[in-house]
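# Per-entry structural report
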Amino acid sequence: MPIDPMDDIELRSVQLQFPNARGSILEACEQRRVPTDKGDVHVAIQGDNTKPAILTYHDLGLNYVTSFAGFFNFPPMRGLLENFCVYHVTAPGQEEGAPTLPEDYIYPTMDELAAQLVYVMSHFGLKSVIGFGVGAGANILARFAHSNPDKVGALVLINCVSTQSGWIEWGYQSFNARFLRTKGMTQSVIDYLMWHHFGRNPEERNHDLVQMYKQHFERGVNPTNLAMFINSYIHRNDLNITRTPPGTPGTQPSLCTLKMPVINITGALSPHVDDTVTFNGRLDPTNSSWMKISDCAMVLEEQPAKLAEAFRLFLQGEGYGKC
């Protein structure tokens, strides 16, 4: 009986890698460090800098590569890069291979992280940007847009929280920050980060993707620096925006909420759905929309096609006809 040639094949050194050619974004981007009043920030520029600007900001435990590389390498999004230049901002100390920040370094508050974007725009000569943020990064961009409405043309925000942290979030994240500083990346911290990004039971949806992110949290994150970022996030203040009913005496809606068009996105399985509903209730309904994408929590990774279509249509609706 003939022997199947596959019988004697042994697989060795099999490693999971992030999908959609993530390494290519490192080659495609120009890496820059931009000085600010709170230290340097890392910015990666992707695309033709003569084109309209998209400015991205990542979530906790991630950086521009792990947060956005897969999405911008997704085929429908590659065409978008022909018409835009993307400026990927990474929070201090969160970039890949970052050294531990000095002991006397005072990590910027959320408002100060937002204020750093003024320096980034000035450095690159940008007059206006389209903000694209996830989680903590979405909160930072919302702060920046509220303080600098003339510098932001539109916002695409995923899992944006507009309130200060509640007691449960504050407690969990405080323990995480303490463990990161004293014990490094523990299993309990990894479990919390996985819940933050993927919600409950993500292995049932995409086992390989979950394993890749677990590996990233174990090996690709500086725990001390992440503890500082988490500490700033849980001590955030409220965005202080509110939807003002038309005709309310003595009020101007543009001063109370975000002035620019906003698409407020979440995944149906995300633990942050209620936060986005609260945020939606504080936005002007005439220039904002709320979108819940089914069968996912981490929208960028689990439903890139649906997000890419929403992104494209939103930009077209704001006058970017060629995207």
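All values reported here derive from a predicted model rather than from experimental measurement. (Residues numbered from 1 in each chain as written. Predicted model: local features only at pLDDT ≥ 70, side-chain atom pairs only at ≥ 80, totals over all residues. Heavy atoms only, no water.)

## What to know about unusual backbone geometry
Note the threshold: The helix count covers DSSP runs of H or I at least four residues long, the strand count covers runs of E at least two residues long, and both are numbered beginning at the N terminus. To sort residues, take the accessible area from a 1.4 Å probe on protein chains only and compare it with the maximum for the residue type: under 20% means buried, over 50% means exposed, and anything in between is partly exposed.
Phi at Asn240 takes a positive value of approximately 55°, unusual for a residue other than glycine. Of note, Asn240 is situated in the loop between helix H9 (223-234) and helix H10 (253-256). By relative accessible area, which is 57% here, Asn240 ends up exposed.

## As for the nonpolar core
Where we set the bar: Side-chain atoms within 4.5 Å are what join buried Ala, Val, Leu, Ile, Met, Phe, Trp, Tyr and Cys residues into a set we call a nonpolar core.
Formed by 65 residues in total, the largest nonpolar core has its most connected members in Val43, Leu155 and Leu157. Counting residues in each nonpolar core, the second largest holds 28 residues, with Ile293, Ala310, Phe311 and Leu315 among its members.

## Notes on the packing of aromatic side chains
Short version of the rule: Between the rings of Phe, Tyr and Trp (Trp by its six-membered ring), a pair exists once the centres lie within 6.5 Å; its type follows the angle of the planes, with under 30 degrees stacked, over 60 edge-to-face, and the other angles tilted. Ring-over charges, as used throughout, are those where CZ of Arg or NZ of Lys falls within 6 Å of the ring centre and within 35 degrees of the ring normal.
Enumeration according to the criterion identifies 15 aromatic pairs in this entry. Through a chain of ring-to-ring contacts, three or more aromatic side chains come together here, namely Phe68, Phe71, Phe72, Phe132 and Phe311. Sitting over the ring of Tyr233, Arg236 keeps its end group 4.3 Å from the ring centre.

## A word on the pairing of strand S6 (residues 152-158)
Convention followed: Only strands joined by at least two bridges in the DSSP assignment are considered to pair. Orient the strands so they point away from the viewer; a crossover is then right-handed if the path from the first strand over the helix to the second runs clockwise.
Of all seven residues that make up S6, six are buried, and the element is covered over most of its length. Relative to S6, strand S5 (residues 129-134) is paired through six bridges, and the arrangement is parallel. Paired with Val129 across the bridge in S6 is Val152. With helix H5 (residues 136-147) bridging S5 and the parallel S6, this β-α-β connection has right-handed handedness. Where S6 and strand S7 (residues 262-267) come together, four bridges link them in parallel fashion.

## Structural notes on the layout of surface pockets
Cut-off, in case you're wondering: Throughout, the protein atoms alone are placed on a 1 Å grid, and a set of points is a cavity if a 1.4 Å probe fits but cannot get out or a pocket if it is open with protein on both sides within 12 Å along at least five of seven lines; lining residues have an atom within 4 Å of a point. Grid points are joined across faces, edges and corners, and a volume is the space filled by probe spheres set on the points.
Here the largest pocket defines a volume of roughly 420 Å³. Looking at the lining of the largest pocket, the elements that each hand over two or more residues are helix H6 (167-182), helix H7 (187-198) and helix H11 (273-280). Broken down by element, the lining of the largest pocket gets its largest block of residues, five residues, from H6.

## A few points about the confidence of the model for the chain
For clarity, the threshold we go by: You can read pLDDT as the predictor saying how much it trusts each residue, on a scale of 0 to 100. Only heavy atoms enter the contact rule, under which two residues are in contact if any of them lie within 4.5 Å.
In the predicted model, the chain carries a mean pLDDT of 88, and the fraction of residues at 70 or more is 88%. Within the model, the stretch residues 13-21 combines pLDDT values under 50 with 16 contacts to residues more than four positions away or in other chains.

## Quick look at the packing of helix H4 (residues 110-124) against H5
Filter applied, for reference: Axes here refer to lines fitted to C-alpha atoms; in helices the fit is confined to the stretch in contact. Angles between the N-to-C directions go from 0 to 180 degrees. By definition in this entry, angles of less than 35 degrees are roughly parallel, angles greater than 145 are roughly antiparallel, angles of 65 to 115 are roughly perpendicular, and the rest are oblique. Helix crossings get a hand from a simple test, with the near helix turned counterclockwise from the far one by less than a right angle marking a left-handed crossing and a clockwise turn marking a right-handed one. Here the term charged refers only to Asp, Glu, Lys and Arg, the term nonpolar to Ala, Val, Leu, Ile, Met, Phe, Trp, Tyr, Cys and Pro, and the term polar to all other amino acids, Gly among them.
The N-to-C vectors of H4 and H5 enclose an angle of 70°; their axes lie 8 Å apart at closest approach. For the element pair H4 / H5, the angle class is roughly perpendicular. H5 is crossed by H4, and the crossing has right-handed handedness. Between H4 and H5, the contacting residues are Met110, Asp111, Leu113, Ala114, Leu117, Val118 and Met121 on the first element and Ala136, Asn139, Ile140, Leu141, Arg143 and Phe144 on the second. Across the contact of H4 with H5, the residue classes break down as 10 nonpolar, one polar and two charged.

## A few points about the packing of H6 against H9
Contact pair H6 / H9: the axes reach a minimum separation of 8 Å and the direction vectors enclose 160°. Classified by the angle their axes make, H6 and H9 are roughly antiparallel. Viewed along their axes, H6 and H9 form a crossing whose handedness is left-handed. When H6 is examined against H9, the residues Glu169, Trp170, Gln173, Ser174, Ala177, Leu180 and Arg181 are found in contact with a partner set consisting of Pro223, Thr224, Leu226, Ala227, Ile230, Tyr233 and Ile234.

## Thoughts on the sheet that holds strand S4 (residues 85-90)
Read from one edge to the other, the open sheet built from eight strands follows the order S1-S2-S4-S3-S5-S6-S7-S8, with strand pairing classed as mixed. Each of the sheet's edge strands pairs with one partner strand only, and the pair in question is strand S1 (30-34) and strand S8 (288-293). Direction aside, neighbouring strands of the sheet carry axes that sit 20° apart on average. By the bridge criterion, five bridges tie strand S3 (residues 53-57) to S4 in an arrangement that is parallel. Considered in S4, the bridge of Leu55 is made with Tyr87.

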